[in-house]
Every structure is written in C-alpha cells, then in structure tokens.
Amino acid sequence: MLDVKWIRENQEAFVKGLTDRCFDDPQGTLTQILKLDSQRRETIQQLQDLQARRNAASKDIGKAKQSKDEAEAKRLMDEVAGIKETIQQGEDDERAQDQALRDLLAGIPNMPADDVPVGADEDANVELRKVGAIPRFDFEPKQHFELGEALGLMDFETAAKLSGARFVVLKGALARLDAALSQFMLDLHTDQHGYTEVNPPLLVRDDTMFGTAQLPKFEDDQFPAGEGYWLIPTAEVPLTNLVREDIIDEAEAPVRVTAGTPCFRAEAGAAGRDTRGMIRQHQFTKVELVSITTPEQSTEEHERMTKCAETVLQKLGLPYRVVVLSTGDMGFAAQKTYDIEVWLPGQDAYREISSCSVCGDFQARRMNARYRPKDAKQARLVHTLNGSGVAVGRALIAVLENYQEADGSIRVPDVLQPYMGGLTRIEASG
C-alpha cells in the first residue's frame, strides 16, 4: 500500500507511475484519493478543535462552580455534553473516511523503480544475460508430458479423474525426482546462501493475504478453504507475514527465510494457456525465498536473491536467461522484478521458472511491519523481497527436457543423484 502523504506531495510522480503501469484513470484515481484524504484530515482537525474546546469548557465548569455560578456551570455542562455527542459522530465519520481511503489505496499497485523499462506487456521486458549453452540433440526433443507419459510415470488422466484439469499424478522415479529437487534447493539455500528454513501453515486468514496484497484485488486467483481460510498461492504469504505487526531490531536485518511448500492457484486468467502438461497447474511445489531488510539494504538484497535463484539452475546444468520485467508486466506489489527463464528444448523457448521482486515498504505498510534503527527512537517500515528459489515443477520439466535421451530415458543431473539413491537414469517403468 502506498503512503497517502507521499501521494499528496508527489502527485505528478504518482500519476506517471500509474500511467506507466497501464492503470485505469490515474488522474481520476488521484482526484479520489485527494478528496478522501482532505475530508479525513478536515474531520481530524475538527475533532481536535472540539476536544480542545471540551477541555477548556470542563475547566470553566470548575471555575463556575467555585464562584457558585450554577447557571453558567449548567450551561457549560450542556455544552460539554453536546460536544461529546458531536465528537462521537465525528469519530464515526473519521473511521468511515479512513476505511474508504484504505480501500481505495488497497487496489492501487506499487510504484515502479526508476530503472524499470516502461511498456505495456512482456514485449517490453529487457534481457540482461544468458547463461549456459542450449543443448543440441541429434533427434527431435520431446516435451515433458510426452516424456513423462511414455515413461509411465506422469499421469494426467487419473489426475483429471481425481481432481479435474490442471493436476498431475507423478509416480515412481518422477515423484522421487520432484522431492529430490525440492530438498536439493532447500539444502543449497540454507547451507550456502544463509536462509533459515521455515515450515509455515498452508492455510492463512484474510489479513495475512491482505498483507502481501493477494487480497482484495486478486481474490479470484485464490482458493478459499472455508472458515475464513485461504490456501496459500505461494509461501511468500506466510513467510513475509512472519514480521506482521512486529518491530525487529536493525541488527537482525536482513532476515532471510525459505520454505518448500505446495502452492495453490485458481489460474482464473489463464484459460486456454498451457493446457497440456505441468507448466500451469492449480497445485504445484515451490521453494520460496523471502528477505526482510532495511531500506538501505533492499536494492543489494534484490541482486543477491536473484543470484541465489540462478545458482540452482547453474548447479542443475540448465541453460537460462534473466530479464527485467517492464512496468506493464510485473506484479502488483513489486517495484522491480527479475524473471529467470529456463530453456525448454521441447518448446524451443525460454519459460519462467523464477521471479525475484523487491517491494519496498509497500507490503510492510499493509502489515505494519517495522524495524528499530539503532540511532533513532522512531520505528520505520521494513522493505520486503520475495523470489522463487525455484519452482520445483518447472525445474522437473526442465530436467526432463534438457536431459532426455533418444530412447526416452532421462539422465539424472549429478547434483541430484545423492537424493535419488544413486540413480543415474530414469527409464520406463516395468
């Protein structure tokens, strides 16, 4: 959530930021915000004036009684009673105005960083680097679902019978490969990158989803679980909210946490996209990286987090590229986002496997998450960052397609073999 004081003092920058993000009616939105903010501040000033008058009248009551002027004392008491009723009404008005302003601000995206490319969609994204050589095959490489089904270890038909479209049943060595990838990533991030592993709840409440900006704007993309709960769309939600309504010491920052969890997404806006295979599913596993930092640390932490995610692909021997997303393509809460896209030979294309975003104090303001600077009395809002370290299902897809052999078998990357009981090749089941 944006700071209304910043909006008031930076109106031109606010309108430009929303325009760059292709937001509907930036100028009209600014006018609404300023009107609500003005009404709220006027009400607050009136309440302060009324409170001052009530305090003064209360003192005058004592003086009137002391001088035995009962008529004046009664007049003043009647005035105080009337002021009390007016204050109560004013406080109700202030709460309503404050909520209306918060509701409006809750639907407004973060402002893009100055160095984010301006554009309407992914066509304006800018490639930063390519890493790794694209593999050459002396046969026509297959897509992951063709390989998995031929191995007898990837079953979409049974999954559809159990749960419908966009689900899969993995069996045998592919189920183990999925688990191996997840554990390999967690070991890497905890042992070498300094993240603390967390096992968070998969069900969270409204205010938790609001804190990381999944609610209210993206309610249709979420899975409600009843009783006021939501299934998490990513471990970013519980991990970031670990500091909600809390104040950490500056010396604790950056706080770095990771989790490997199932994730659940309705994919409401993905009709007709990636309907075959595991690219876009309602349930998938992801290893998430979250950092809580001071404002001074967040830019450097963003670069570091992205490198941590890249290391996963480097150790797996998977070719990839890094792009910076344009203003029209990055997520609602992000100031700046790097996407890591892994090469999929079966699609002859790079596909996203990780997004690493810096959010500034946008989520922190929604969560009231703060830190205490060592030489300051007043707490300040933290900065939050999140990234995929990486999406496990898409890593499995990439391993299948990049390590496939002409006979349909799959070589197991060296770093995963210890997690696979020494298995070096996945072949068709019995």
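Cut-offs used in this document
Here the residue index of a chain counts from 1 through its sequence in written order. Predicted model: local features are reported for residues with pLDDT of at least 70 only, side-chain atom pairs are reported and counted for 80 or more only, and whole-chain, interface and lining totals are derived from all residues. The side-chain quantities take in all heavy atoms of the structure and omit both hydrogens and water. For every residue, the accessible area obtained with a 1.4 Å probe (protein chains only) is divided by the maximum for its type, and the residue is called buried under 20%, exposed over 50%, and partly exposed between those limits. Numbering of helices and strands starts at the N terminus; helices are DSSP runs of H or I of at least 4 residues and strands are runs of E of at least 2. When DSSP finds two or more bridges between a pair of strands, those strands are recorded as paired. Between Lys or Arg on one side and Asp or Glu on the other, a salt bridge is scored when a side-chain nitrogen of the former is within 4 Å of a carboxyl oxygen of the latter.

Participant: Account for the pairing of strand β16 (residues 383-391), with residues named and values stated.
Facilitator: Moving residue by residue along a regular strand, the side chains alternate between the two faces of the sheet. Most of β16 sits out of view: nine of its nine residues are buried. The sheet contact formed by strand β10 (residues 283-293) and β16 spans seven bridges and is antiparallel. The partner of L289 across the bridge, within β16, is G387.

Participant: Residue-level account of the pairing of strand β9 (residues 255-264), with values.
Facilitator: Examined bridge by bridge, strand β4 (residues 196-197) and β9 share two bridges and lie parallel to one another. Across the sheet, E197 pairs through a bridge with T258, a residue of β9. Relative to β10, β9 is paired through 10 bridges, and the arrangement is antiparallel. Of the residues in β10, the one forming a bridge with V257 is V290.

Participant: Hey, could you go over the pattern of salt bridges for me, with residue numbers and the actual values?
Facilitator: A full pass over the atoms with the stated rule returns 24 salt bridges. The shortest N-O distance in the salt bridge between K286 and E288 comes to 2.4 Å. Its relative accessible area of 2% is what places E288 among the buried residues. For the salt bridge of E341 with R321, the shortest nitrogen-to-oxygen distance reads 2.6 Å.

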